[in-house]
Amino acid sequence: MAAIRKPGSGELNVARDPRWGDAAGLARVRPGFCSSPDYDALFALGWPHIRFVMEGHREDEDPPASALRILAMADPPLRFAWPRTVAQGVVRAWGLPSIFELAPGFQELRQEAEEAVWKPGPITPGEAYDLLACRLNQEIPGVSDRGIESFVLLLEALVGADVVGSAMLDILEQIPVDTLLSEWSIPPHVTFQLGFLMLRVPRPQHDAWVGRMEALLEGCFAARPALRRHGFRGAGASHARSLHLVLNGGAAAENSSDRSLRWYVHVVNDSVLVRMRVAVNRLGYEPDARLVFLGGPDVLERYARDWPKLASTDAQRWFFEQVAPIAAPQMYPLMLEMTGRSLVRPEAIGWFVKNAEAARVFLEETCAGDGIAATYARTVRKALGAAA
């Protein structure tokens, strides 16, 4: 059973979804990568690009108010577990043709968005199809990439990867090739999430989806043969480019993107490429634990230098929650520095409490040294003594 932090208090225990028992991604489990077999499985299934819904959270006492508060944010909250009825409300609103009334210096929720968060009952597969059809065919001003990823992953948590991925492919197969090749912002980011959904369906369905995506991409290459030879380098986001990035991993990220790390999350069997891109990255990004799984624990050494660029408590906590399950020696210096100068010091110290025996030798050796690391280590050892 995987322990997922409940927003605002304690932990929520989330058993692996029984539908994931034969998920294709589980073929890539790396035993011992994490501190528990359940987290080993979650990383193979796409962690941290995964969401859960829970029952009985305090936000469910007034779900419309909670959903409206989230919709008004520039970015949705950074958390894995969402109250079910709140998730239903925000997903229904994010799937509308338009959410905001926009004007220079003015943004206000439309009446339709306010009505959507009040709609009772679970989202049905038919409703999920309609929400996805809207997002795959229309831009939506005022919603960030993070919001769109949350839209797809929360919808998956509510109705299942099978329903969401199958609906997306049904819709994409109805879109004209010229439109699949059109450059726009939000719809292609919806398509990009197929790379995570396909990890969480059984292998026969995964392979069937791959065949359907390959057929879609082949149609795009037939319409523009130069893309087959040269990729989408210099082109903007499109459904076709997203399909290429999902299907062709590192090669596609290299020849069809600006080489920002966000495009390397679907790389398979090329850990050296991932480590290289993390090492030389100069573009702004938030560290993603998916790249540690794909590139290996050495990626944590770069993240140990990069996490202080995360300016808010929420951003640092999100980073901490992503990497905390990883069991690797590179975690010790990273977490030690977070105990001393992060905005989530209690959580970082708590990590050492949970991993006291594994970290014992590291702390002893560090305490024997000089400098700020030794000071941090002594503070942690005091905390461990107090917790004993």
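None of these values were measured; they are calculated from a predicted model.

As a further point, take the overall build of the protein. A tally of helices and strands in the protein yields 21 helices and six strands. Buried residues in the protein amount to 54% of all 388 residues. A sequence separation of at least 24 residues applies to 66% of the contacts in the protein between residues at least 6 apart. Separation of charge centres in the protein, based on 41 positive and 46 negative side chains, amounts to 5 Å.

To continue, consider the packing of helix H14 (residues 271-280) against helix H16 (residues 299-306). Running from N to C, H14 and H16 cross one another at 20 degrees; their axes reach a closest spacing of 9 Å. Judged on the interaxial angle alone, H16 and H14 are roughly parallel. Crossing of H14 against H16: the hand is left-handed. When H14 is examined against H16, the residues Arg 275, Val 278, Ala 279 and Val 280 are found in contact with a partner set consisting of Val 299, Arg 302 and Tyr 303. Of the residues belonging to the contact of H14 with H16, the class tally is five nonpolar, no polar and two charged.

Another aspect to go through is the confidence of the model for the protein. As a general rule, the predicted coordinates of low-pLDDT regions are not to be interpreted in detail. Looking at the protein as a whole, the pLDDT averages 90, with 92% of positions reaching at least 70. Residue range residues 1-15 is modelled with pLDDT below 50. Its contacts to residues more than four positions away, or to other chains, number 42 contacts.

Using the criterion set out here, one finds 13 aromatic pairs in the structure. Taken together, a centroid distance of 5.4 Å and an interplanar angle of 85 degrees make the contact between Phe 33 and Phe 293 edge-to-face. Of the two residues, Phe 33 is situated in the loop between strand E2 (11-14) and helix H1 (37-44) and Phe 293 in helix H15 (residues 289-295); the sequence distance between them amounts to 260 residues. Overall, Phe 33 belongs to the buried group, its relative accessible area being 9%.

Turning our attention to the layout of surface pockets. Roughly 620 Å³ of internal volume is contained in the largest pocket. The wall of the largest pocket is formed by 27 residues, among which His 49, Glu 149, Arg 262, Glu 286 and Asp 288 lie closest to the centre. With four residues, the top contributor of residues to the lining of the largest pocket is helix H6 (residues 145-159). For the lining of the largest pocket, the class distribution of residues is 12 nonpolar, seven polar and eight charged.

The next subject is the environment of Gln 107. Examined against the element boundaries, Gln 107 turns out to sit in strand E6 (residues 106-109). According to the relative accessible area criterion, Gln 107 is partly exposed, its value standing at 44%. The spacing of Gln 107 and Gly 295 is 188 residues in sequence and 41 Å in space, taken between C-alpha atoms. For Gln 107, the contacting residues outside a window of four places in its chain are Phe 100, Glu 101, Leu 102 and Gly 142.

The rules behind the values
- Residues numbered from 1 in each chain as written.
- Predicted model: local features only at pLDDT ≥ 70, side-chain atom pairs only at ≥ 80, totals over all residues.
- Heavy atoms only, no water.
- Helix = DSSP H or I, 4+ residues; strand = E, 2+ residues; numbered from the N terminus.
- Buried < 20%, exposed > 50% of the residue type's maximum accessible area, 1.4 Å probe, protein only.
- Contact = heavy atoms within 4.5 Å.
- Lys, Arg positive; Asp, Glu negative; His and termini not counted.
- Charge placed at Lys NZ, Arg CZ, Asp CG, Glu CD.
- Axes fitted to C-alpha atoms, helices over the stretch in contact; angles between N-to-C directions.
- Parallel < 35°, antiparallel > 145°, perpendicular 65-115°, else oblique.
- Left-handed = near helix turned anticlockwise from the far one by under 90°.
- Nonpolar A, V, L, I, M, F, W, Y, C, P; charged D, E, K, R; others polar.
- pLDDT = per-residue confidence, 0-100.
- Phe/Tyr/Trp six-rings, centres within 6.5 Å; stacked < 30°, edge-to-face > 60°.
- 1 Å grid on protein atoms, 1.4 Å probe; cavity = no way out; pocket = protein on both sides within 12 Å on 5 of 7 lines; lining within 4 Å.
- Points joined across faces, edges and corners; volume = space filled by probe spheres on them.

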